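Given next are the chains, with one letter for each unit.
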Amino acid sequence: MDEQTIALVTGANKGIGYEIAAGLGARGWKVGVGARDDEQRADAVAKLQAAGVDAFGVPLDVTDDASVAAAAALVEEQAGGLDVLVNNAGITGGAPQTPATVDPATVLRVVDTNVVGVIRVTNALLPLLRRSASPRIVNVSSSVGSLTRQTTPGAETGPISGAYSPSKTFLNAVTVQYAKELADTPVLVNAGCPGFCATDLNGFRGHRTPAQGAAIALHLATLPDGGPSGGFFEDDGAVPW
Ligand SMILES: NC(=O)c1ccc[n+]([C@@H]2O[C@H](COP(=O)([O-])OP(=O)(O)OC[C@H]3O[C@@H](n4cnc5c(N)ncnc54)[C@H](OP(=O)(O)O)[C@@H]3O)[C@@H](O)[C@H]2O)c1
């Protein structure tokens with residue numbers, strides 16, 4: 001029998017992250033449910049387990065170095081390794097946040113969660129991922145971080161944003177740099193856009209379901225060896241930078 005694949009999903013207590021955990025779990029994988037709120041994490045783990053998922057809770061605040069280090073230790077202790085990391089946790093920083101009016105503290109908070117948080121978590125888990133035969137890192141980004149779309153008249157770009165959209169552009173850039181550093185390893189690292197999904201993040205205004213949004217992360221988490229790395233994808237294919 002094949003060894004069980006092990007994944008960790010950040011921000012998996014609700015929304016797209018929960019659906020990514022459910023989707024990976026449905027493949028028979030062991031799934032760490034990264035979440036910072038104890039009650040919400042326990043509820044999500046219980047719901048996933050009731051659906052037959054081999055889920056375990058991982059207390060995790062991506063903005064807190066100690067929390068991230070403890071999460072990495074817990075994953076090793078509970079699962080013995082890690083094959084797939086999905087960096088899903090993210091915040092918008094609220095609205096409005098036009099560049100001319102945004103509070104710099106909001107920009108710092110958004111970048112700390114959406115970008116530095118990904119770096120913190122990735123670097124803490126990389127030692128485990130490097131022991132896997134087919135490691136994958138999926139960064140949940142957004143097409144609003146596409147500079148090409150932001151500068152294409154008529155393209156769907158979301159509201160003008162001094163924090164959230166640039167944080168996803170930054171995340172895409174970081175994804176490329178990881179791919180370059182890890183090019184000679186089996187680690188594949190990619191960014192994926194879930195599309196506009198109805199979640200807490202946007203007051204449930206999205207037109208897609210969180211499960212539909214999870215599909216691109218599930219695809220990138222299950223890429224075959226030799227698959228793409230350093231790319232930015234949505235359901236329809238590559239997203240222009
Ligand atoms: N919804 C969309 O239309 C859309 C479109 C493009 C990209 N995305 C991206 O998809 C990802 C998931 O968003 P979502 O739409 O599912 O929103 P959501 O329902 O608000 O979920 C966000 C998740 O991130 C977690 N999180 C936030 N800050 C955290 C921190 N410091 N440490 C750990 N977890 C933290 C939240 O935990 P708490 O419950 O504790 O706050 C929650 O689990 C985000 O990266 C978002 O930018 C969403």
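Here the structure is a predicted model, which is why all the values come from computation and not from measurement.

**A short note on the packing of aromatic side chains**
Part 1 of the reasoning: Taken as a whole and assessed by the stated rule, the structure comprises 1 aromatic pair.
Part 2 of the reasoning: Measuring from centroid to centroid gives 5.7 Å for Phe-232 and Trp-241, while their planes differ by 25°, and the two rings are stacked.
Part 3 of the reasoning: Between the NZ or CZ atom of Lys-47 and the centre of the ring of Tyr-18, over which it lies, the distance is 4.6 Å.

**Quick notes on the pattern of salt bridges**
Part 1 of the reasoning: In this structure the tally under the stated criterion is 9 salt bridges.
Part 2 of the reasoning: Salt-bridge contacts for Glu-76 lead to Arg-131; the nearest nitrogen and oxygen are separated by 2.9 Å. Separated by 55 residues along the polypeptide, Glu-76 in helix H3 (residues 65-79) and Arg-131 in the loop between helix H4 (104-129) and strand E5 (136-140) bring together distant segments of the chain.
Part 3 of the reasoning: Classification of Arg-131 by relative accessible area gives exposed; the value is 52%.
Part 4 of the reasoning: With a shortest N-O distance of 2.7 Å, Arg-149 and Glu-234 are connected by a salt bridge. Here Arg-149 is found in helix H5 (residues 147-150), whereas its partner Glu-234 is found in strand E7 (residues 232-234), with 85 residues between them in sequence.
Part 5 of the reasoning: Take Glu-234: its relative accessible area is 19%, and that puts it in the buried class.

**Some words on helix H7 (residues 210-221)**
Part 1 of the reasoning: Relative to the 16 Å expected for 12 residues at 1.5 Å per residue, H7 spans 17 Å between its end C-alpha atoms, a close match to the ideal helical length.
Part 2 of the reasoning: Every buried residue belonging to H7 is among Gly-213, Ala-214, Ile-216, Ala-217, Leu-218, Leu-220 and Ala-221, and all of these are buried.
Part 3 of the reasoning: Those residues of H7 that are buried lie in contact with helix H1 (15-25), strand E4 (84-87), E5, strand E6 (188-192) and E7.

**Looking at the state of the cysteines**
Part 1 of the reasoning: A full pass over the atoms with the stated rule returns 0 disulfides.
Part 2 of the reasoning: You can see Cys-193 has no disulfide; the closest cysteine sulfur is in Cys-197, sitting 7.9 Å from it.
Part 3 of the reasoning: A relative accessible area of 4% places Cys-193 in the buried class.
Part 4 of the reasoning: When its relative accessible area of 3% is taken as the criterion, Cys-197 is described as buried.

**Thoughts on the packing of H4 against helix H6 (residues 164-181)**
When two helices pack together, their arrangement is captured by the angle between the axes and the distance separating the axes.
Part 1 of the reasoning: Interaxial distance between H4 and H6 falls to 7 Å at its minimum, and their mutual angle equals 25°. Taken as axis vectors, H4 and H6 run roughly parallel relative to one another. Crossing angle aside, the handedness with which H4 passes H6 is right-handed. Between H4, through Val-110, Val-111, Asn-114, Val-115, Val-118, Ile-119, Thr-122, Asn-123 and Leu-126, and H6, the contact on the second element is made entirely by Tyr-164, Ser-167, Lys-168, Phe-170, Leu-171, Val-174 and Tyr-178.
Part 2 of the reasoning: Along the lines of polarity and charge, the residues of the contact of H4 with H6 split into 11 nonpolar, 4 polar and 1 charged.

What counts, and at which threshold
- Residues numbered from 1 in each chain as written.
- Predicted model: local features only at pLDDT ≥ 70, side-chain atom pairs only at ≥ 80, totals over all residues.
- Heavy atoms only, no water.
- Phe/Tyr/Trp six-rings, centres within 6.5 Å; stacked < 30°, edge-to-face > 60°.
- Lys NZ or Arg CZ within 6 Å of the ring centre and 35° of its normal.
- Salt bridge = Lys/Arg side-chain N within 4 Å of Asp/Glu carboxyl O.
- Helix = DSSP H or I, 4+ residues; strand = E, 2+ residues; numbered from the N terminus.
- Buried < 20%, exposed > 50% of the residue type's maximum accessible area, 1.4 Å probe, protein only.
- Expected span 1.5 Å × (residues − 1).
- Contact = heavy atoms within 4.5 Å.
- Disulfide = S-S within 2.5 Å.
- Axes fitted to C-alpha atoms, helices over the stretch in contact; angles between N-to-C directions.
- Parallel < 35°, antiparallel > 145°, perpendicular 65-115°, else oblique.
- Left-handed = near helix turned anticlockwise from the far one by under 90°.
- Nonpolar A, V, L, I, M, F, W, Y, C, P; charged D, E, K, R; others polar.

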